[in-house]
Amino acid sequence: MKTVTVSQMKQIEKNAAESGLSYTQMMENAGARAADFLLAQTPPARSAVVFAGKGNNAGDGFVAARLLKKAGCEVTVVLTDGLPQTADTCRNLEKIQAMGIPVFDFLEETAAVTAQLKNACVAVDAIYGTGFHGALRQSMRLVTEVLNAGGRSILALDMPSGVSADTGEVSPGAVRATWTMAFDSLKPAHLLEKSIPFCGEIVPVDIGIPAECHEILE
Ligand SMILES: NC(=O)C1=CN([C@@H]2O[C@H](COP(=O)(O)OP(=O)(O)OC[C@H]3O[C@@H](n4cnc5c(N)ncnc54)[C@H](OP(=O)(O)O)[C@@H]3O)[C@@H](O)[C@H]2O)[C@@H](O)CC1
Ligand SMILES: [K+]
């Protein structure tokens, strides 16, 4: 798997979209790989709490939540940043709501979230992916503190939230993942000394982007 910057990744996704693989399908594939991974653990995940932000990273998390639920896993979703801001992510939130998956708002229902997390086998970090920049806000650090507490396994989607993909800069309060699933390509932060401890084990996954869409890198 190659290493690409965030802007190169955007170009690769654009090439994929132009070649017929929609952004919606890429999100579906990313979330499906995450669900498959958790179900393939020994023992398979029986309960999961998915922490979701407002960008496309959250959309991947909603897809994973839906597919985990379909496979019989008990799933709860926690919105950490209010309602989603991208069309695909909104559509995927609607789907999980239609399935009856409980959706909590972290700020309004912190106690309920903490209780759900206590009983969960695994947490999924779908707060920020490659779109993260700067530092985690103080209010978000309360979220990541709860997520990081308790010694439960954490699967970070694409990036642990609070880590900048291009530079590996780690914001105070960043998520400390057990595994980080790298979608399509590695990002610099997956390989940098300062961010590696926050990524845990890197799990590279194919989200269906054809090889020729990477030709900008040749
Ligand atoms: N392209 C695709 O279709 C595919 C993408 N995929 C997935 O999407 C991910 C990238 O998605 P994304 O570009 O939407 O960015 P994401 O990481 O969700 O976050 C953006 C949001 O966070 C916000 N924000 C950032 N920093 C912040 C801060 N310090 N404090 C507060 N807010 C902050 C930012 O706000 P803004 O910068 O606009 O102020 C914006 O609202 C990628 O990693 C992969 O998982 C896959 O599904 C495959 C198909
Ligand atoms: K993430």
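What you see is a predicted model, and the numbers here were worked out from it, not measured in a lab.

Reading the values: rules and limits
- Residues numbered from 1 in each chain as written.
- Chains lettered and ligands numbered in written order.
- Predicted model: local features only at pLDDT ≥ 70, side-chain atom pairs only at ≥ 80, totals over all residues.
- Heavy atoms only, no water.
- Disulfide = S-S within 2.5 Å.
- Near = heavy atom within 4 Å.
- Polar contact = N/O pair within 3.5 Å; in protein donor to acceptor, adjacent residues only side chain to side chain.
- Areas by Shrake-Rupley, 256 points an atom, 1.4 Å probe, with all protein chains shown as cover.
- Helix = DSSP H or I, 4+ residues; strand = E, 2+ residues; numbered from the N terminus.
- UniProt positions renumbered as here; feature names shortened; annotations may be inferred.
- Buried < 20%, exposed > 50% of the residue type's maximum accessible area, 1.4 Å probe, protein only.
- Contact = heavy atoms within 4.5 Å.
- Phe/Tyr/Trp six-rings, centres within 6.5 Å; stacked < 30°, edge-to-face > 60°.
- Lys NZ or Arg CZ within 6 Å of the ring centre and 35° of its normal.
- Donors = N, O, S within 2.8 Å, 3.2 Å for Na, K, Ca; no water.

Novice: Looking at this structure, how should I read the state of the cysteines?
Specialist: Chemically, a disulfide is nothing more than a covalent bond linking the sulfur atoms of two cysteines. Counted under the stated rule, the structure contains zero disulfides. With no disulfide partner, Cys-73 has as its closest neighbouring cysteine sulfur the one in Cys-121, 6.8 Å distant.

Novice: Got a minute to help me understand the site of ligand 1 in this structure?
Specialist: Lining the immediate environment of ligand 1, one finds 20 residues, of which Glu-13, Asp-60, Gly-129, His-133 and Asp-158 sit closest. Between Glu-13 and ligand 1, the recorded distance is 2.7 Å, taken from a side-chain N or O atom to a nitrogen atom. Tyr-128 places a polar side-chain atom, nitrogen or oxygen, 3.3 Å from a nitrogen atom of ligand 1. In the complex, the protein chains occlude 78% of the 940 Å² of accessible area that ligand 1 would expose alone. Listing elements by their share of the shell around ligand 1, those giving two or more residues are helix H2 (23–39) and helix H3 (56–70).

Novice: I keep staring at the UniProt feature "binding site: K(+)" (unreviewed entry) in the chain and nothing clicks. Help me out?
Specialist: As annotated in UniProt, the feature "binding site: K(+)" (unreviewed entry) corresponds to Asn-57, Asp-125 and Ser-161 in the numbering used here. The named residues occupy 105 residues along the chain; their greatest pairwise C-alpha distance, 9.9 Å, places them in one compact cluster. Its location among the elements puts Asp-125 in strand S4 (residues 122–126). Relative to the helices and strands, Ser-161 is located in the loop between strand S5 (153–157) and strand S6 (179–183). On the basis of relative accessibility, which here comes to 0%, the residue Ser-161 falls in the buried class. Apart from residues no more than four positions distant in its own chain, Ser-161 is found in contact with Asp-125, Ile-127, Tyr-128, Leu-136, Ala-174 and Val-175. One polar contact links Ser-161 to Asp-125, side chain to side chain, over a distance of 2.6 Å.

Novice: Please clarify how the packing of aromatic side chains should be interpreted in this entry.
Specialist: Working definition: an aromatic ring pair is given by the centre-to-centre distance plus the angle between the planes. Counted by the stated rule, this structure contains two aromatic pairs. Note on Phe-37 and Trp-179: the rings are 5.1 Å apart at their centroids and 80 degrees apart in plane angle, and the pair reads as edge-to-face. Here Trp-179 lies in strand S6 and Phe-37 lies in helix H2, a separation of 142 residues in the sequence. Grouping residues by exposure puts Phe-37 and Trp-179 together as buried. With a centroid separation of 5.3 Å and 40 degrees between ring planes, the pair formed by Tyr-128 and Phe-132 is classed as tilted. As far as burial versus exposure is concerned, Tyr-128 and Phe-132 are alike and both buried. A cation over an aromatic ring shows up here: Arg-176 above the ring of Phe-198, its NZ or CZ 4.2 Å from the ring centre.

Novice: In this structure, what is going on with the coordination of the potassium ion (ligand 2)? I would like to understand it.
Specialist: Tetrahedral coordination by four donors puts the ideal angle at the metal at 109.5 degrees, and octahedral coordination by six puts it at 90 or 180 degrees. For the potassium ion (ligand 2), the protein coordination sphere consists of Asn-57 (OD1), Asp-125 (O), Tyr-128 (O), Leu-157 (O) and Met-159 (O), at 2.6 to 3.1 Å. Considered as a linear motif, the donors of the potassium ion (ligand 2) on their single chain read N-x67-D-x2-Y-x28-L-x1-M. Taken together, the residues Asn-57 in helix H3 and Met-159 in the loop between S5 and S6 connect sequence positions 102 residues apart. Per residue, the accessibility class of Asn-57 equals that of Met-159, and both read buried.

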